[in-house]
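Observations on the model geometry
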Amino acid sequence: MSDIYAKINELLLKLQRHNVTIIKVKSLIIGFINKLSLYKNNMVRKDFSLFPCLSNILVKDENIAVCYKHLESLIVDMKLRFKDVENIHIPDWVINPFSADPTNAPSHIQEILIDLQASLEAKHSFEHSTLEEFWIKISSTNTFQRLWIEIRLLIMAFPTSYLMEKGFSAVSQMLTKQRNRLYICQQGDLRLYLSKLEPNIIKLCQDHQPQGSHK
């Protein structure tokens, strides 16, 4: 059980990040379910190399059968709980628009996808950016904006409650007895606290209009 919990905890840590998208969540969940099938098959062969704690003790045959049933139940439970995630359709042209066949894309974006594949600048951006960064850059161009409209929910939707939970934690840290009248939503303090962006203090000071008496 400790080995399984360690692997589940590893999965949860991967899901609790700022840049997690539905695409990444589906990959992580399907990958974990496939790993559970591997663990189950290894259990039958008495191969405990993937279970550090279990490999250090003498395991009886009846205990192996119990572990096998637990893994089998966990697979069924994971497939049931994440059925909606597994059923999410992610087109090939979203993952790699430069190797995908444009004819497999919806007809109203096939020409735009061909233009994207012919763009050397877009290809360079794809090779030197993450998938999320690439599509966000595409969203700012008028030529390929239609592609972004098709897939923006896959990039922007919150697939986990991590950011919401982090927001609650931030509020509890910012609102104290000494600062109980702090309007964190109206003044943007909460957004600044949760954002990874670093403000350009020098530029802000330069743009700020000083008082006339201090000139």
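Residues numbered from 1 in each chain as written. Predicted model: local features only at pLDDT ≥ 70, side-chain atom pairs only at ≥ 80, totals over all residues. Heavy atoms only, no water.

Some details on the environment of K7
What counts here: A run of H or I in DSSP becomes a helix once it reaches four residues, and a run of E becomes a strand once it reaches two; helices and strands are each numbered from the N terminus. Residue exposure (1.4 Å probe, protein chains only): buried if accessible area is under 20% of the type maximum, exposed if over 50%, otherwise partly exposed. Whether two residues are in contact is decided by their heavy atoms: any pair within 4.5 Å suffices.
Following the sequence through the fold, K7 ends up in helix α1 (residues 2-15). A relative accessible area of 18% places K7 in the buried class. The sequence separation of K7 and F51 amounts to 44 residues, and the corresponding C-alpha distance is 9.6 Å. Not counting chain neighbours up to four residues away, the residues in contact with K7 comprise F32, Y39 and L50.

A look at the environment of R152
Tracing the chain through its elements places R152 in helix α9 (residues 145-156). Separated by 13 residues in sequence, R152 and S139 have C-alpha atoms that sit 8.6 Å apart.

Quick word on the pattern of salt bridges
What counts is decided by this rule: The salt bridge definition used is simple: a Lys or Arg side-chain nitrogen within 4 Å of an Asp or Glu carboxyl oxygen.
In total, this model carries 5 salt bridges according to the counting rule given. Here K14 ties to E10 by a salt bridge, and the two come within 3.7 Å at their closest N and O atoms. Placement of the pair is K14 and E10 together in helix α1, with a separation of 4 residues, close to one helical turn. The exposure class assigned to K14 is partly exposed, which follows from its relative accessible area of 29%.

Here we look at the confidence of the model for the protein
Note the threshold: pLDDT expresses, on a scale from 0 to 100, how confident the predictor is about each individual residue.
Considering every residue of the protein, the mean pLDDT works out to 84; 87% of them sit at 70 or more. When mean pLDDT is compared element by element in the protein, helix α6 (residues 110-118) scores highest at 94, while helix α11 (residues 189-194) scores lowest at 68.

Details of the side chain of N42
Counting through the fold element by element, N42 comes out in helix α2 (residues 22-44). Look past the residues within four positions of N42 in its chain and what remains in contact with it is D47 and L50.

Some remarks on the nonpolar core
Formally: Among the buried residues, those of types Ala, Val, Leu, Ile, Met, Phe, Trp, Tyr and Cys that are joined through side-chain atoms within 4.5 Å form a nonpolar core.
Residues W93, V94, L116, F134, W135, L147 and I151 are the most contacted members of the largest nonpolar core, which totals 24 residues. At the level of secondary structure, the elements contributing two or more residues to this core comprise α2, α5 (92-95), α6, α7 (120-127), α8 (131-139) and α9. In terms of residue count, α9 provides more of this core than any other element does, 5 residues in total. Those residues in contact with L116 that lie beyond four places of it in its chain are P97, F98, A122, F134, W135, I138, F144 and L147. By size, the runner-up hydrophobic cluster in this structure holds 21 residues, among which are L15, M43, F51 and V59.

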